[in-house]
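The chain contents come next:
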Amino acid sequence: MNRLLSYLNETFAVCDAEVRKLIRDPTELLSRAIQPVLWLAVFGQVFSQVRGIPTGNLRYLDFMAPGILAQSILFSAIFYGIAIIWERDLGIVHKLLVTPAHRSALIMGKAFAAGLRGLVQAAVVYLVAIALHVEIRWELMPILTVAAGVFVGSCIFSTFSLVIACIVKTRERFMGIGQVLTMPLFFASNAIYPLELMPGWLKVIAVCNPLTYLVDALRSGMIVGGTSVYALTTSFAVMLSVFTVLLLLAARLYPGLAR
Amino acid sequence: MPDASEPFAIATHQLRKCFDHFVALEGLSLQVPHACIFGLLGPNGAGKSTAIKMLTTLLDPTSGSATVAGFDIARQPVEVRRHIGYVPQMLSADGALTAIENLNLSARLQGLRGAERRARVKEALAFAGLEATASKLVRAYSGGMIRRLEIAQATLHNPQVLFLDEPTIGLDPIARRTVWERLEHLREKGTTILITTHDMEEADTLCDELAILHQGRLAVVGKPESLKAQVGENASLDDVFVHFSGVGLEQGGDYRGTRDSRDAIQRLG
Ligand SMILES: Nc1ncnc2c1ncn2[C@@H]1O[C@H](COP(=O)(O)OP(=O)(O)O)[C@@H](O)[C@H]1O
Ligand SMILES: [Mg+2]
């Protein structure tokens, strides 16, 4: 009980500090919001007209809105590791690591802060979607589902980013790898086309991609008439398992940053 | 505060660290008594930071052993962390946070909660002389203010042993003196302090005992007075250094070490 309490206390400490930094520097949050606007307003509008991708009764714009929400979560969380490399180049990582705090609590605090940031981003994507007359579901449960998905998704991709940062250790290498990883993650998912449309090999990759489960859960939660391929419990079980594995991995690798 | 059952605050036995095939620290055996300021001297690249990182559990020794505050660094790392404070060579205060936020973060990670935490943070601000600027972003602080904040952060939980890696590098003489005063104050309260430095004046005025490291090897240990006496009448610590290591301080070091300390100077402004 006492251990759990100190674990939560440590997680809160890191999360609190991270959130304060985010609030102070909203430029990054805003600049990251531009991308989903472009995707929805340009790509989404055009493909809705063309009807190039069959999405059943759903308008293509409505179909892709949850995908673009997930994408915006992925693209901003995936660069979270840069901050860790920065903290390493200063002595901040060293300072945190000489405290008795649990290593995984330090990571969890950062992941939760990324989760909160994801929620703000989701609000921006909702605003854009409303402006483009996407049919949003406004009932409580669907909205909570979307919020939970966005939060866990942000935790997953920010922690994944942290793992990469712990491995590559320098900003240059990180930027390179970050660019290389995000596009495949995005395109090998159901974000902008349904799973059924994919060739077999791509489908295999998509089914192993956590982004797919996030998009799938968001699709029924965000959009009127949207349907999920997997049960929500399946999607959340997969996402929470992935997060747990990444958390443990990051907690193991994190101390290596101080060497 | 010192634990009477442990004769030394820090004791190392044949502590050794290799990076691949490069030996950064060769069989260091040292005993640091309680409530003293112990100086680890040496030019850039001598292995000072490597030694500190092992004693603060950041780096695993290649071989050898050490206890800090009575706890084994390899087998009881969490206990060691509970009883030490550490101010890294680099800038460790977060510039995007205020002094209070920096202190709160450290206090919470040290396990301080509620009223105790608030009281300790308040004391720490007073100790660092930063009450007036407590709510300003640390980014706007001078090098001396940042160092004082870092020392306050590292001592929130009243650690038995405090490690500081080049605490006054890049500071002007006045800021340097205020840092010394803080450290002397902590020693009076019973804290054992280990600092690394390549500044002879700092070693001479501040340290009760010195160890000179050169190229990863311990050249000599002793009190400043007795070291000087061993070298000759009117010998300075510079003479002591040259005598025991065979090199002047200015000649030591390598590119990496020089770059690191330059970086620190730049950041601390
Ligand atoms: N992580 C590392 N990998 C490889 N070599 C290292 C590493 N850290 C330190 N060294 C080397 O070990 C030697 C001692 O370094 P260090 O302990 O930082 O010296 P000091 O603090 O006395 O200037 C230097 O030659 C340095 O280049
Ligand atoms: Mg050093």
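None of the values given here were measured: they were computed from a predicted structure.

(A) The arrangement of the packing of helix 3 (residues 60-77) of chain A against helix 7 (residues 140-168) of chain A in detail. Residue and element names in this part refer to chain A. Contact geometry for helix 3 and helix 7: axes closest at 8 Å, N-to-C directions at 30 degrees. As the angle between them shows, helix 3 and helix 7 are arranged roughly parallel. Between helix 3 and helix 7 lies a crossing whose hand is right-handed. On helix 7, the residues touching L69, I73, L74 and A77 of helix 3 are V146, V150, G153, S154, F157, S158 and S161.

(B) Local environment of the sheet that holds strand 2 (residues 22-32) of chain B. Residues and elements named next belong to chain B. In space, the four strands of this open sheet follow the order 2-1-4-5, with antiparallel pairing throughout. Strands with a single pairing partner mark the edges of an open sheet, and in this sheet they are strand 2 and strand 5 (71-72). Here strand 1 (residues 10-19) pairs with strand 2 via seven bridges, running antiparallel. Residue T12 lies in a different strand from strand 2, and its bridge partner there is L30. Together, strand 1, strand 2 and strand 4 (63-68) form the strand contacts of helix 1 (residues 48-55), whose direction differs from that of strand 1 by roughly 115 degrees.

(C) Local environment of the nonpolar core. Counting residues in each nonpolar core, the largest one holds 157 residues, and the members touching the most others are A:L69, A:M222, A:Y254, B:V68, B:F163 and B:L183. Residues from two domains meet in this core; each of domain 1 (10-83 + 160-268) and domain 2 (94-158) of chain B gives at least three. Those residues within four positions of A:Y254 in sequence are excluded, and the remaining contacts are A:I84, A:V93, A:L96, A:L97, A:L106, A:I107, A:K110, A:L162 and A:C166. Judged by nonpolar contacts, the second largest core, of five residues, contains A:A188, A:L195, A:M198 and A:A206.

(D) Just the side chain of B:E166, in detail. All names here are of chain B. With respect to the helices, strands and loops of the structure, E166 is situated in the loop between strand 7 (161-165) and helix 6 (173-188). For E166, a relative accessible area of 4% gives the class buried. Discounting residues that sit within four places of it in the chain, E166 has contacts with N44, K48, Q89, R147, T196, T197 and H198.

(E) Highlighting the coordination of the magnesium ion (ligand 2). Around the magnesium ion (ligand 2), the protein contributes the donor atoms B:S49 (OG) and B:Q89 (OE1), which lie 2.0 to 2.4 Å from the metal centre. Placement of B:S49 in helix 1 and of B:Q89 in the loop between strand 6 (84-87) and helix 3 (99-109) is noted, with a sequence separation of 40 residues between them.

(F) Main features of the interface of chain B and chain A. Listed per partner, the contact involves 30 residues of chain B and 31 residues of chain A. Both sides together, the interface formed by chain B and chain A hides about 2,700 Å², and carbon and sulfur atoms give 61% of it. Three residues, B:R108, B:L109 and B:R113, lead the burial of chain B against chain A; their summed loss comes to 26% of the area buried on that side. Our enumeration of links across chain B and chain A arrives at five salt bridges. Two residues, A:R20 and B:E101, come together in a salt bridge whose shortest N-O distance is 3.0 Å. The interface formed by chain B and chain A contains seven residue pairs in polar contact (both at pLDDT 80 or more). Elements that contribute at least two residues to the side of chain B that touches chain A include exactly helix 2 (77-82) and helix 3 of chain B. A per-element tally of the side of chain B that touches chain A places helix 3 of chain B first, with six residues.

Reading guide: rules and limits
- Residues numbered from 1 in each chain as written.
- Chains lettered and ligands numbered in written order.
- Predicted model: local features only at pLDDT ≥ 70, side-chain atom pairs only at ≥ 80, totals over all residues.
- Heavy atoms only, no water.
- Axes fitted to C-alpha atoms, helices over the stretch in contact; angles between N-to-C directions.
- Helix = DSSP H or I, 4+ residues; strand = E, 2+ residues; numbered from the N terminus.
- Parallel < 35°, antiparallel > 145°, perpendicular 65-115°, else oblique.
- Left-handed = near helix turned anticlockwise from the far one by under 90°.
- Contact = heavy atoms within 4.5 Å.
- Pairing = 2+ DSSP bridges.
- Core = buried A, V, L, I, M, F, W, Y, C linked by side-chain atoms within 4.5 Å.
- Buried < 20%, exposed > 50% of the residue type's maximum accessible area, 1.4 Å probe, protein only.
- Domains from an automatic or database assignment.
- Donors = N, O, S within 2.8 Å, 3.2 Å for Na, K, Ca; no water.
- Buried area = accessible area lost by both parts, 1.4 Å probe.
- Salt bridge = Lys/Arg side-chain N within 4 Å of Asp/Glu carboxyl O.
- Polar contact = N/O pair within 3.5 Å; in protein donor to acceptor, adjacent residues only side chain to side chain.

What is shown is where atoms sit, not what they do.
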